Amino acid sequence: MASPARMNANIWRALLLFALVAGLAALLGSAQVTQPKATLGQAATPLSVERASAGDSLDDPGPLATDLSPALTHAAISKAAQKVADWQLARAEPIFNQQWTYAALYEGLLAASKTTGDPRFHDAMVKMAAHFDWKLIDARFPHADDMALGQSYMDLYLETHDPVRVADVKTILDRLIVRPDDPDKLLWWWCDALFMAPPVLARMFAATGDLRYLDYMDREWWETSASLYDPADHLYFRDSRYFTQKEKNGQRIFWSRGNGWVMGAFAKVLELMPKDYPSREKYITQYKEMADRIAAIQGEDGLWRSGLLDPGGYDLPEVSGTAFFTYSLAWGINHGILDRAKFQLVVERAWAGMLAHIYADGRLGSIQPIDGQPGKFKPSASSVYGVGGFLLAAAEVDALTQNAALTRPRITGISHVGYFVSDLPRAIAFWHDLLGFDESYDLKKNGSEDVRIAFIKINDRQHVELFNEAPAHPPNMMSHVCFTVDDSEQMRSYLRSKGFDVKPGNGNKTRAGDYAFEVKDPDGTLIEFVQSLPTGMEAQAAGKFMPATRISIGIYHVGFLVGNSEKSSTFYHDLLGFKEIWRGSSTLSELSWINMQVPDGGDYVEFMLYSTLPETFGTRNHVSLVVPDAQKAIAVLQARPAYKTYGKELETHVGKNGKRQVNLYDPDGTRVELMEPNTVDGKAVASSTAPPPAQR
């Protein structure tokens, strides 16, 4: 019989061995495996807590879904996204947290709002962010995982530019970009980190224009790449532990989700990186290398296994890696970086493969739990980051199908035109007291009771926006022109397919409650497209704020300066489908105006041609309101008390187009034209054949 001392020694050795084994298992199981020489004493969420909140595996998850179709149509894709997002939101919202696992889900839910048009997903993200006071975890600075939530904060900030939404993220990033590198420890030493921190830095650059954020990201990205990217296999090692480890088949270990994180990061960084950024082509080269490699090793079921180079060693496909591959490859096609003919089938097969792992209740299965290496799991395993990747993929696949159609939605008319004003009360008095219109609603400046935009209602579908701020490009007082479309998401996809840098998806609403986005025409004029929603402020004000005092009941046209009529015609006619309806000349020797009618309505824009840019824009950039009788309109205006303080004579004249018109000017000199719809003699005036002005 052994002595008590010998027994105690054996017990302690056994306990020590157990502790070491348990510690090693936890280390290898974590998605945040620490490198040698890691800083001690950093607070971190226990792995057990992360795992419990991120997802679960059920022995009996119920039947698989039978109501989903792999057809690449908006309806089919939106239905799948809705089903999965509904299931995940119901389970996750009560336990939303600030961890990296949920950061990926939040990005996916924002994308789902765009894909499905369901505002609940977007609104849940705003509520979540407000609950956490728009703050990040800051216990392990500069750990990339704790910055991942900044992606959603920044995306939501870019909607409203409310400084509260960005303050904490900026504080942390400002500390990061002045941090000197540690020669003994790579900052982003695990490949997942490229998805966690670089997109946040890219968004901060987009928000501020400060290249320091992009330059810092660029330097650290390529430090990580130099360490972890294998130039022969065109894949990333998860971290340095795997440089020499092998799969059972003798191949090197390349983890599916780790490479998925990297591919997702390429999409999120490149979409915001300027096209002339010095190292952009370097990113594109590596992105294309990885895309080619990933496509080449796709499984027959359209999915990828947890260990990319030993698919036979893993029983199940792995959906989270697949989801991020699908998202990134579809993004590359949508943005003209990857060849559609080569990669679309890869995306289609991957999308169909993922749908086969959705259960009847909306659970998305076959997602590897938190890990840092290939592993095995149950078919029902679901985790929030994999769902986030799936919802990001759905948004890009949806955009891909719309790009393929290359169809333009209907452009039905002029929604509004915006002007900057130097004195908002005086401008409102001009529109209200003199012209007889009502202000239907306004939007306040962030964090203030001061009005930023006043909305002057013309009719139920048209208004004028008065911006209570300095002009963006003085002396031009015009902010933008907005056209109504019946499908803003389709317009986004259409323009993107024509080479415009328009990000896919439009689930996020304007502050007025509608879907909208902006592009610039060849002269830099800001052009907005809006899809009015029943819940928007304009729709809610239908039938209201239209007094009998209105001098006009409709915007007839909007005029703005155009320097190169050929380029503008290509944009408005060839791209947007506008129809030229008239040309006019004030000198007979040189063209002065070109009228372009919206393709699916009667409103039109007027190109105000010039050879030399005028010193003042107010008489050229104008809005024209239709009146049945110009002389009677003058009489009405002259009878109003506000006319006594207007200070300018009103008179009619017949324009070169044969129509009577009256010119008025707001307090900043912006012209408001009243025009009759018909010519004085009832006969159409022939278009001028004069040549466009030569640019000087």
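The shown structure was predicted, so the numbers you read here are calculated from the model rather than taken from an experiment. (Residues numbered from 1 in each chain as written. Predicted model: local features only at pLDDT ≥ 70, side-chain atom pairs only at ≥ 80, totals over all residues. Heavy atoms only, no water.)

Enquirer: When you look at the overall build of the protein chain in this model, what are you seeing that I'm missing?
Expert: Counting its regular elements, the protein chain contains 21 helices and 19 strands. When its C-alpha atoms are laid out on the principal axes, the protein chain stretches across 120 × 50 × 50 Å. Counting over 696 residues, the protein chain shows a buried share of 57%. Restricting to contacts in the protein chain with at least 6 residues of sequence separation, those with at least 24 account for 70%. Summing over all exposed atoms, the protein chain offers an accessible surface of approximately 28,500 Å²; the carbon and sulfur share of this is 55%. In the protein chain, the 70 positive side-chain charges and the 84 negative ones have mean positions that sit 2 Å from each other. (Helix = DSSP H or I, 4+ residues; strand = E, 2+ residues; numbered from the N terminus. Buried < 20%, exposed > 50% of the residue type's maximum accessible area, 1.4 Å probe, protein only. Contact = heavy atoms within 4.5 Å. Areas by Shrake-Rupley, 256 points an atom, 1.4 Å probe, with all protein chains shown as cover. Lys, Arg positive; Asp, Glu negative; His and termini not counted. Charge placed at Lys NZ, Arg CZ, Asp CG, Glu CD.)

Enquirer: Looking at this structure, I do not really get the packing of aromatic side chains. What am I missing?
Expert: Where two aromatic rings form a pair, the distance of their centres and the angle of their planes describe that pair. Under the defined criterion, the tally for this structure stands at 39 aromatic pairs. Ring centres of Trp189 and Trp190 lie 4.7 Å apart, and the angle between their planes is 50°; on these two criteria the pair is classed as tilted. Each member of the pair Trp189 and Trp190 is classed as buried. In this structure an aromatic cluster arises from ring pairing among Phe483, Phe500, Phe517, Phe529, Phe560, Phe571, Tyr572, Phe578 and Phe607. Directly above the aromatic system of Trp222 lies the positively charged group of Lys282, at a separation of 4.4 Å from the ring centroid. Lying across the ring of Tyr646, Lys648 places its NZ or CZ 5.1 Å from the centre. (Phe/Tyr/Trp six-rings, centres within 6.5 Å; stacked < 30°, edge-to-face > 60°. Lys NZ or Arg CZ within 6 Å of the ring centre and 35° of its normal.)

Enquirer: Whenever I open this one, the sheet that holds strand β16 (residues 622-626) confuses me. Can you help?
Expert: By definition, the strands of a sheet pair up through backbone hydrogen bonds, in either a parallel or an antiparallel sense. If you walk across this open sheet you meet the eight strands as β13-β14-β15-β12-β16-β19-β18-β17, and the pairing is mixed. Across the chains shown, the open sheet's two edge strands, defined by having one partner strand only, are β13 (579-584) and β17 (652-654). Averaged over all neighbouring strand pairs, the angle between strand axes comes to 25°, with direction disregarded. Judged from the three bridges that link them, β17 and strand β18 (residues 660-665) form a sheet pairing that is antiparallel. Within the sheet, the bridge partner assigned to Thr652 lies in β18 and is Val662. (Pairing = 2+ DSSP bridges. Axes fitted to C-alpha atoms, helices over the stretch in contact; angles between N-to-C directions.)

Enquirer: Honestly, the packing of helix α11 (residues 256-270) against helix α12 (residues 280-296) in this entry has me stumped. Any pointers?
Expert: A packed helix pair is summarised by two numbers, namely the angle formed by the two axes and the spacing between the axes. In contact at an axis separation of 11 Å, α11 and α12 are set at 140° when each is read in the N-to-C sense. Regarding the angle of α11 to α12, the classification is oblique. For the element pair α11 and α12, the recorded crossing hand is left-handed. Of the residues in α12, those in contact with Asn259, Val262, Met263, Phe266 and Leu270 of α11 are Arg280, Tyr283, Ile284, Gln286, Tyr287, Met290, Ala291 and Ile294. (Parallel < 35°, antiparallel > 145°, perpendicular 65-115°, else oblique. Left-handed = near helix turned anticlockwise from the far one by under 90°.)

Enquirer: What is the right way to read the environment of Arg452 from this model?
Expert: Summarising the element assignment, Arg452 is placed in strand β7 (residues 451-459). Along the primary structure Arg452 and Gly499 are separated by 47 residues, whereas in three dimensions their C-alpha atoms are 33 Å apart. The contacts of Arg452, once residues within four sequence positions are left out, are Leu443, Lys444, Lys445, Leu466, Phe467, Asn468 and Glu469.

Enquirer: Would you take a moment to explain the sheet that holds strand β6 (residues 438-444) for this structure?
Expert: Strand order across the open sheet formed by seven strands is β6-β7-β8-β5-β9-β11-β10, with mixed pairing between neighbours. Looking at strand neighbours, the two that pair on one side only are β6 and β10 (515-520), the edges of this open sheet. Averaged over all pairs of adjacent strands, the angle between strand axes in this sheet comes to 25°, irrespective of strand direction. As paired elements, β10 and strand β11 (residues 526-531) share six bridges and run antiparallel to each other. Along β11, the bridge assignment pairs Val519 with Ile527.

Enquirer: Would you mind going over helix α6 (residues 150-160) with me for this structure?
Expert: Helical geometry note: an α-helix holds 3.6 residues per turn, so side chains three or four residues apart project in the same direction. With respect to burial, α6 is a largely interior element, nine of its 11 residues being buried. Taken as a whole, α6 has its buried residues at Gly150, Gln151, Ser152, Tyr153, Met154, Asp155, Leu156, Tyr157 and Thr160. Phi turns positive, to about 60°, at His161, one or two residues after α6.

Enquirer: Could you clarify how one ought to interpret the pairing of strand β12 (residues 555-562) in this entry?
Expert: Successive side chains on a regular strand alternate, one facing one side of the sheet and the next facing the other. Burial analysis of β12 places eight of its eight residues in the buried class, the great majority of the element. For β12 and β16, the ladder comprises four bridges, and the chain directions are antiparallel. Note on β16: the bridge partner recorded for Val558 is Val623. In this sheet, strand β15 (residues 604-609) lies alongside β12 in parallel orientation, the contact comprising six bridges. Following the sheet pairing, Phe560 is matched in β15 by Phe607.

Enquirer: What is the right way to read the pattern of salt bridges from this model?
Expert: Pairing is possible between side chains that carry opposite charge, provided their charged atoms lie close to one another. All chains considered together, the criterion is met by 34 salt bridges. With a closest N to O distance of 2.9 Å, Arg252 and Asp230 form a salt bridge. Here Arg252 is found in the loop between β3 (235-236) and α11, whereas its partner Asp230 is found in strand β2 (residues 229-230), with 22 residues between them in sequence. Accessibility expressed as a relative area gives 25% for Arg252, which makes it partly exposed. Exposure remark for Asp230: the relative accessible area of 7% places this residue in the buried category. Residue Lys457 is joined to Asp460 by a salt bridge in which the shortest nitrogen-to-oxygen separation is 2.7 Å. Under the relative-accessibility criterion, Lys457 is labelled buried at 5%. (Salt bridge = Lys/Arg side-chain N within 4 Å of Asp/Glu carboxyl O.)

Enquirer: I would appreciate a short explanation of the side chain of Gln298 in the present structure.
Expert: In this fold, Gln298 is placed in the loop between α12 and α13 (319-334). There is a polar contact of 3.0 Å between the side chain of Gln298 and the backbone oxygen of Val346. Look past the residues within four positions of Gln298 in its chain and what remains in contact with it is Leu303, Trp304, Val346, Arg349 and Ala350. (Polar contact = N/O pair within 3.5 Å; in protein donor to acceptor, adjacent residues only side chain to side chain.)

Enquirer: What should I look at first to understand the side chain of Arg257 in this one?
Expert: Note that Arg257 resides in helix α11. Beyond its immediate stretch of four places on either side in the chain, Arg257 contacts Glu318, Ser320, Gly321, Gln368, Pro369, Ile370, Asp371 and Tyr385.

Enquirer: Teacher, can you tell me more about the nonpolar core here?
Expert: Soluble globular proteins tend to pack their nonpolar side chains together in the buried interior. Counting residues in each nonpolar core, the largest one holds 127 residues, and the members touching the most others are Phe96 and Phe390. Examining the composition of this core, we find that 11 residues originate from one element, helix α15 (residues 384-405), more than from any other. In this structure Phe96 touches Leu89, Tyr102, Leu105, Tyr106, Leu109, Ala124, Met125, Met128 and Phe132, once residues within four positions along its chain are discounted. Judged by nonpolar contacts, the second largest core, of 63 residues, contains Ile411, Tyr419, Tyr494 and Leu609. (Core = buried A, V, L, I, M, F, W, Y, C linked by side-chain atoms within 4.5 Å.)

Enquirer: Just checking my understanding: could you explain the packing of α13 against helix α14 (residues 340-355) for this structure?
Expert: Their axes nearest at 9 Å, the elements α13 and α14 cross at an angle of 145°. The way α13 lies across α14 gives a crossing that is left-handed. Seen from α13, the contacting residues are Val319, Thr322, Ala323, Thr326, Leu329, Ala330 and Ile333; seen from α14, they are Arg340, Phe343, Gln344, Val346, Val347, Ala350 and Met354. Here the contact of α13 with α14 is composed, by residue class, of 10 nonpolar, three polar and one charged. (Nonpolar A, V, L, I, M, F, W, Y, C, P; charged D, E, K, R; others polar.)

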